[in-house]
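# Examining the three-dimensional arrangement
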Amino acid sequence: MKLFQKKPKDERIVSEVNKTYKAAWYVMSVGFIIDLYQKMAGGTPEGISTFRYVGLEVLIFLAAAVLQIVLLVRGGLMDDNPIYAETDRFPLRHYLGISAADGAGAGVLYCVCSLLFGADYFKSAFVIAICFAGIFVCVLIGCLIAFFVTWRAAKKRRAAQLAQAEED
Amino acid sequence: MKNKKMKLARIEKDLSQAQLAEAVGVTRQTIGMIEAGGYNPTLKLCIAICRALDKTLDDLFWEE
């Protein structure tokens, strides 16, 4: 008898999720090659000197993340976790927990970075607490809204896919 | 192509899509997609479905 029984995974969801990660990985690979070339050649690309350059790495990362989410939703999936991937009811507690963790993480990162890099306004504990609370609440609400919108879009897409398959 | 044989076998066994899904360790949507012909399952999943419905691979997945 096995001590730990592995929970069976839905092969269709795993295969769909793998496809999305693969596409995102290709985007990141190509993007990082372009970024490496740009750094080796030196300087910023033409036409973006008029505004603040945020770094190609950030744009590549965002593009890959957005692409992955779009592909997941197109496949009718909400999450890469099979338990929540195709749920018909919005798992509020699960996503509230994730949003709160994201908010706390973003708040702590911002405060630590501001302290490390010596921001002038970061002198009193009160200001730090206000900054942390502000970031925490904003990220929590933002993430929760984003999760809900994604869930709704995935649910609609899933229903359309099933209807289409039944029609054929 | 729809898999009517599997749907009939499931109904004969008096199982809902959700119950069959739980028995074979997939989601209800996956069973729905297999029955509707929207997903081609692996051999491993086919065998699990056959075992759950007391049928053979030929009974459920072989097209004449």
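Please refer to the structure higher up on the page.
Here goes a summary of the coordinates provided.

Reading the values: rules and limits
Each chain has its residues counted from 1, running along the sequence as written. Chains carry letters and ligands carry numbers; both start at the beginning, A for chains and 1 for ligands, and go up in the order they are written. Thresholds applied to this predicted model are a pLDDT of at least 70 for local features of residues and 80 or more for the giving and counting of side-chain atom pairs; totals over whole chains, interfaces and linings are not thresholded and use all residues. For side-chain calculations, the full set of non-hydrogen atoms in the structure is used, while hydrogens and water are omitted. What makes a salt bridge here is a side-chain nitrogen of Lys or Arg within 4 Å of a carboxyl oxygen of Asp or Glu, nothing more. Each helix is a run of DSSP H or I of at least 4 residues and each strand a run of E of at least 2, with the numbering of both proceeding from the N terminus. The rule is simple: take the accessible area with a 1.4 Å probe, protein chains only, and divide by the maximum for that residue type; under 20% is buried, over 50% is exposed, in between is partly exposed. Here, two residues are considered to be in contact whenever any of their heavy atoms come within 4.5 Å of each other. Here the quantity called buried area is the total loss of accessible area, with a 1.4 Å probe, experienced by two parts when brought into contact, counted for both. To count toward a patch, a residue needs a relative accessible area over 30% and no salt bridge; like charges are then connected within 9 Å, while nonpolar side chains (Val, Leu, Ile, Met, Phe, Trp, Tyr) are connected within 5 Å. Per-residue and other accessible areas were derived by the Shrake-Rupley procedure at a 1.4 Å probe size, with only the shown protein chains allowed to occlude residues. Grid spacing is 1 Å over the protein atoms alone, the probe is 1.4 Å, and a cavity is where that probe fits but cannot get out, while a pocket is an open set with protein on both sides within 12 Å along at least five of seven lines and lining residues have an atom within 4 Å of a point. Grid points are joined across faces, edges and corners, and a volume is the space filled by probe spheres set on the points. The classification used treats Ala, Val, Leu, Ile, Met, Phe, Trp, Tyr, Cys and Pro as nonpolar, Asp, Glu, Lys and Arg as charged, and all other residues, Gly among them, as polar. Pairs of cysteine sulfur atoms within 2.5 Å are identified as disulfides in what follows. The axes are straight lines fitted to the C-alpha atoms, using for helices just the contacting stretch, and the angles between their N-to-C directions are given from 0 to 180°. The labels follow the angle: roughly parallel below 35 degrees, roughly antiparallel above 145, roughly perpendicular from 65 to 115, and oblique for the rest. Helix crossings are classified by the rotation of the near helix relative to the far one: an anticlockwise turn of less than a right angle makes the crossing left-handed, while a clockwise turn makes it right-handed.

## Description of the pattern of salt bridges
Residues and elements named next belong to chain B. Applying the stated criterion across every chain yields a total of six salt bridges over all chains. Among the salt bridges present, the one from E12 reaches K55, with a minimum N-O distance of 3.6 Å. In this pair, E12 is assigned in helix α1 (residues 4-12) and K55 in the loop between α4 (43-53) and α5 (57-61), connecting sequence segments 43 residues apart. According to the relative accessible area criterion, E12 is exposed, its value standing at 61%. For K55, a relative accessible area of 29% corresponds to the partly exposed category. Taking the shortest distance from any N to any O, the salt bridge between K13 and D54 comes out at 2.6 Å.

## Brief notes about the interface of chain B and chain A
How big an interface is tends to be expressed through the accessible area that disappears when the partners come together. Chain B puts 15 residues into the contact, and the matching count from chain A is 14 residues. Between chain B and chain A, the buried area comes to about 1200 Å², and carbon and sulfur atoms account for 53% of it. Where chain B meets chain A, there are one salt bridge. One salt bridge in this structure joins A:D88 and B:R28, with 3.0 Å as the shortest N-O distance.

## Side note on a nonpolar patch on the surface
Residues and elements named next belong to chain A. Taken together, the side chains of V108, V112, L116 and F117 make up a nonpolar region of the molecular surface, amounting to roughly 450 Å² of accessible area. In this structure, L116 sits in helix α4 (residues 92-116). A relative accessible area of 66% places L116 in the exposed class.

## A look at the layout of surface pockets
Residues and elements named next belong to chain A. Computed from the structure, the second largest pocket encloses a volume of approximately 360 Å³. Around the second largest pocket sit 16 residues that line it, and I69, M78, D79, Y95 and F147 are the ones nearest its centre. When contributions to the lining of the second largest pocket are tallied by element, the ones reaching two or more residues are α2 (56-74), α4 and α5 (125-167). Of the residues belonging to the lining of the second largest pocket, the class tally is 11 nonpolar, two polar and three charged.

## What to know about the state of the cysteines
Residue and element names in this part refer to chain A. Across all of its chains, the model carries zero disulfides over all chains by this definition. Not part of a disulfide, C131 finds its nearest cysteine sulfur in C111, a span of 5.9 Å. Free cysteine C143: the closest other cysteine sulfur is in C138, separated by 11 Å.

## Things to note about the packing of helix α1 (residues 11-41) of chain A against α2(A)
All names here are of chain A. Interhelical geometry of α1 versus α2 gives an angle of 165° and a closest axis separation of 9 Å. As far as their axial angle goes, α2 and α1 are roughly antiparallel. In terms of crossing hand, the pair formed by α1 and α2 is right-handed. Its residues placed into classes, the contact of α1 with α2 shows 16 nonpolar, four polar and three charged.

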